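# Secondary and tertiary structure notes
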Amino acid sequence: LMGPVVVIVQFRAAEFLQTSAQTRGISMARSIAAVSTPALLSYNYVGLEEAARTAAHDEGVAYIIIHDKEGLVAGDSRVLNFEVRESSDSVSTQAVRSPETVIQRVTVQNSNGVQEDVYDVAVPVFVADSPQKWGTVRVGISLKPVQQAVARITYSLLFLSGLGFFLCLLGARSVSRRITRPLQKLREGTLALAGGD
């Protein structure tokens, strides 16, 4: 009985936590976009780099990348001695081309050299009364906290399942003794009766 419950709860919890991570990424990217708009309009790459580095200190943020109007990387929280450069990977290309928010699940290498699952949330930057896209802000939200939370939930459910199974065994044993005691007395009485008592 607990097997399907564990699977369903694990699936629902993972779904909820992933949706929360996506929502967090979107709100962070929009916030950074609002702060970075003047720097994007003036091509202030130093300001964009500083904005990316400052925002990336939040827990669970793998990286912040800011693309300018031409799609060049104008700020990247992971790169020291930053230089404006072109980014040709498929994730960047899709993020830069889209006029809408794009969420992509990717695997990146973190600062420790370990592969990590990330939601790459890309939000376009528009200026009021202008249809032209002035840049793209990408926030990499690490899925490690989500995976750890799902693992904790799973372990808790498995522990409760094991505890419930153990208690059920004890209960079944107690009930079976209550049932078999009278039967044992009846057997003994029958044997005594057959022996002439």
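That block above? That's the structure.
Just so it is clear, the structure is predicted and the values come from calculations on it, not from any experiment.

Formed by 27 residues in total, the largest nonpolar core has its most connected members in Ile32, Ile64, Ile66, Val137, Val139 and Ile141. Elements with a contribution of two residues or more to this core: helix H1 (2–41), helix H2 (45–55), strand E1 (61–67), strand E4 (115–126), strand E5 (133–142) and helix H4 (144–194). Those residues in contact with isoleucine 66 that lie beyond four places of it in its chain are Ile32, Ser36, Leu40, Leu48, Ala51, Ala52, Leu72, Val73, Ala74, Gly75, Thr136 and Val137.

Let us look at the packing of aromatic side chains. Throughout the structure, instances matching the rule amount to 1 aromatic pair. Residues tyrosine 43 and tyrosine 45 carry aromatic rings whose centres are separated by 6.2 Å and whose planes lie at 70° to one another, so their mutual orientation is edge-to-face. A cation over an aromatic ring shows up here: lysine 69 above the ring of tryptophan 134, its NZ or CZ 4.4 Å from the ring centre. Taking NZ or CZ as reference, arginine 105 lies 5.9 Å from the ring centre of tyrosine 119, over its face.

Glancing now at the sheet that holds strand E2 (residues 73–76). Strand order in the open sheet made by the 5 strands is E2-E1-E5-E4-E3, with antiparallel pairing throughout. The open sheet is flanked by E2 and strand E3 (102–109), the only strands paired with a single partner. Put simply, the sheet's adjacent strands are angled 25° from each other on average, direction ignored. Here H1 sits on the sheet in contact with E1, E3, E4 and E5, set at roughly 145° to E5. Packing of H4 onto the sheet brings it into contact with E3, E4 and E5, and relative to E4 it is tilted by some 130°.

In this structure, tyrosine 43 is a non-glycine residue whose phi angle is positive, near 55°. Positionally, tyrosine 43 belongs in the loop between H1 and H2. We classify tyrosine 43 as partly exposed; its relative accessible area is 31%.

In this model H4 runs 73 Å from its N-terminal to its C-terminal C-alpha over 51 residues, within 8% of the 75 Å that 1.5 Å per residue would give. Within H4, the axis deviates most sharply at threonine 180, by approximately 25°, and proline proline 182 lies no more than four positions further along. Along H4, the positions that sit buried rather than exposed are Val146, Ala149, Val150, Thr154, Leu157 and Ser161.

Right, let's get into the pairing of E5. In the case of a regular strand, side chains alternate between the two sheet surfaces. Burial of E5 is extensive: 10 of the 10 residues sit out of reach of the surface. Where E1 meets E5, 6 bridges bridge the pair, whose relative direction is antiparallel. When the bridges of E5 are listed, isoleucine 66 appears paired with valine 137. Here E4 runs beside E5; their pairing, made up of 9 bridges, is antiparallel. Bridging across to E5, valine 118 finds its partner in serine 142. With antiparallel pairing between neighbouring strands as the criterion, E4 and E5 make up a hairpin whose turn holds 6 residues, including aspartate 129 at a positive phi of roughly 65°.

Procedures and definitions
- Residues numbered from 1 in each chain as written.
- Predicted model: local features only at pLDDT ≥ 70, side-chain atom pairs only at ≥ 80, totals over all residues.
- Heavy atoms only, no water.
- Core = buried A, V, L, I, M, F, W, Y, C linked by side-chain atoms within 4.5 Å.
- Buried < 20%, exposed > 50% of the residue type's maximum accessible area, 1.4 Å probe, protein only.
- Helix = DSSP H or I, 4+ residues; strand = E, 2+ residues; numbered from the N terminus.
- Contact = heavy atoms within 4.5 Å.
- Phe/Tyr/Trp six-rings, centres within 6.5 Å; stacked < 30°, edge-to-face > 60°.
- Lys NZ or Arg CZ within 6 Å of the ring centre and 35° of its normal.
- Pairing = 2+ DSSP bridges.
- Axes fitted to C-alpha atoms, helices over the stretch in contact; angles between N-to-C directions.
- Expected span 1.5 Å × (residues − 1).
- Bend = angle between axes of the 7 residues up to and from the residue.

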